[in-house]
Amino acid sequence: MRLTARGRFLLSLALVVGLTFSVVGAAQLAGWFSPDESRTVLALTPSATPTPQGESDVAPSPTPSPLPSRTAKPQRTSPRPHRPVTAAAGELVVVPGSGPVVGDGPLHRFKVEVESGVRVSGSSFAAAVQRTLGDSRSWGKHQSFKRVSSGAVAFTVTLASPSTTDRLCAPLRTGGIYSCYNSRGRSVVNVNRWVNGADSYSGHLAEYREYVISHEVGHALGHGHDSSCRSDGLAPVMMQQTKSLYGCKRNPWPYPIVED
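The rules behind these values
Residues numbered from 1 in each chain as written. Predicted model: local features only at pLDDT ≥ 70, side-chain atom pairs only at ≥ 80, totals over all residues. Heavy atoms only, no water. 1 Å grid on protein atoms, 1.4 Å probe; cavity = no way out; pocket = protein on both sides within 12 Å on 5 of 7 lines; lining within 4 Å. Points joined across faces, edges and corners; volume = space filled by probe spheres on them. Helix = DSSP H or I, 4+ residues; strand = E, 2+ residues; numbered from the N terminus. Salt bridge = Lys/Arg side-chain N within 4 Å of Asp/Glu carboxyl O. Buried < 20%, exposed > 50% of the residue type's maximum accessible area, 1.4 Å probe, protein only. Phe/Tyr/Trp six-rings, centres within 6.5 Å; stacked < 30°, edge-to-face > 60°. Lys NZ or Arg CZ within 6 Å of the ring centre and 35° of its normal.

A. Seen up close, the layout of surface pockets. The volume enclosed by the largest pocket comes to roughly 330 Å³. In terms of lining, the largest pocket is formed by 19 residues, of which the most central are Tyr178, Ser179, Glu216, His225 and Gln240. Broken down by element, the lining of the largest pocket gets its largest block of residues, 6 residues, from helix H6 (residues 205-220).

B. Highlighting the pattern of salt bridges. Inspection of the entire model under this criterion finds 4 salt bridges. Close ionic contact of arginine 137 with aspartate 135 constitutes a salt bridge, the shortest N to O distance being 3.0 Å. A salt bridge links arginine 250 to glutamate 207; the shortest N-O distance between them is 3.2 Å. Of this pair, arginine 250 sits in the segment after H6 while glutamate 207 is found in helix H6, placing the two residues 43 residues apart along the sequence. Judged by relative accessible area, arginine 250 falls into the partly exposed class, the value being 31%. The class for glutamate 207 is partly exposed, based on a relative accessible area of 27%.

C. Layout of the packing of aromatic side chains. By the definition in use, this model includes 7 aromatic pairs. Taken together, a centroid distance of 4.8 Å and an interplanar angle of 85° make the contact between phenylalanine 125 and tryptophan 194 edge-to-face. Of this pair, phenylalanine 125 sits in helix H3 (residues 122-134) while tryptophan 194 sits in helix H5 (residues 191-196), and the two are 69 residues apart along the sequence. Residue class for phenylalanine 125 comes out buried when judged on its relative accessible area of 0%. Geometrically, the ring pair formed by phenylalanine 145 and phenylalanine 155 is edge-to-face, given 6.3 Å between the ring centres and 70° between the ring planes. Separated by 10 residues along the polypeptide, phenylalanine 145 in strand S4 (residues 144-147) and phenylalanine 155 in strand S5 (residues 155-160) bring together distant segments of the chain. Just as phenylalanine 145 is buried, phenylalanine 155 falls in that class too. The structure contains a cluster of three or more aromatic residues connected by ring pairs, namely Phe110, Phe145 and Phe155. Taking the ring centre of tyrosine 178 as reference, the NZ or CZ of lysine 243 above it sits at 5.2 Å.

Read these as geometric descriptors, not functional statements.
This is the structure in C-alpha cells:
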C-alpha cells in the first residue's frame, strides 16, 4: 500500500514519539532518570498546545494585568524651612503705635524695631515681645512694661538680619548665628533664630521665642549669665540655652510655674 505524504509524516511522528517513550521507560528502569527528570524529558516531545514557560500551573490571562498606579507624593505636613537671611536693607524701623502696660511693678518703657527686608511682620514681633514680657512667669511678675514708639525708653528690642546683628552687637562676637544685648540699651534678636529656633528647643519654636526675648531683655534689666541648673532641674533663663542646655531642662521663663 502506497502512503500519501501526509500519511508518511504521521507515521514518522508516531515512530519518534514511540521511540521517546521507549527510551524514557528504559532509562527509568535502569535508574538513569528520576520520575521528575523523566517528566522533563517527556516535555521535550512535540505538543499541540505549548505551555508558556514559568506558567505551567496557571493559564495565561486573556486580559493583560493593569500597570501599577503611580504613587501620589505625600503631602507636606510641616511648614517649609525658612530660607536663611544673611543680610537685609539695614534700616531699623520702629514699630509704630504703643501698647498697654503689662506686668506688675516698676514701669519700663521700651521700643521695638525691625530691620526692613527680614520678611517678618513688625506688628507680630512687637506683639510677641509685649506678650512675653507681660507674662506672670516672665519679668512681668515683678516689673511692668509699656511699648512706645517715641520718647525716652529703658531699652529697645530689635529684630535684625545676621549681618546687622553682628554689627550692632560688636565687640561681642555673634558670628551671624547668635543674638545679644549691647551696652547701648539694645536687645538684638537674630531673625534666623526667631524663625528657625535652636537645636536645644527642637520642635518648640514658640517656647524658644519666649526664651530669647526673656534672655536678652534680662540683660537689659541688669542680669548676667547663669550656668547652673535650678534645683528643679530647669535651665535658668539667663543660661545661654541657644548653645546648649548643659544637662538642664529647657525653660524660657525667669519665674517658671512648675507643675506636678
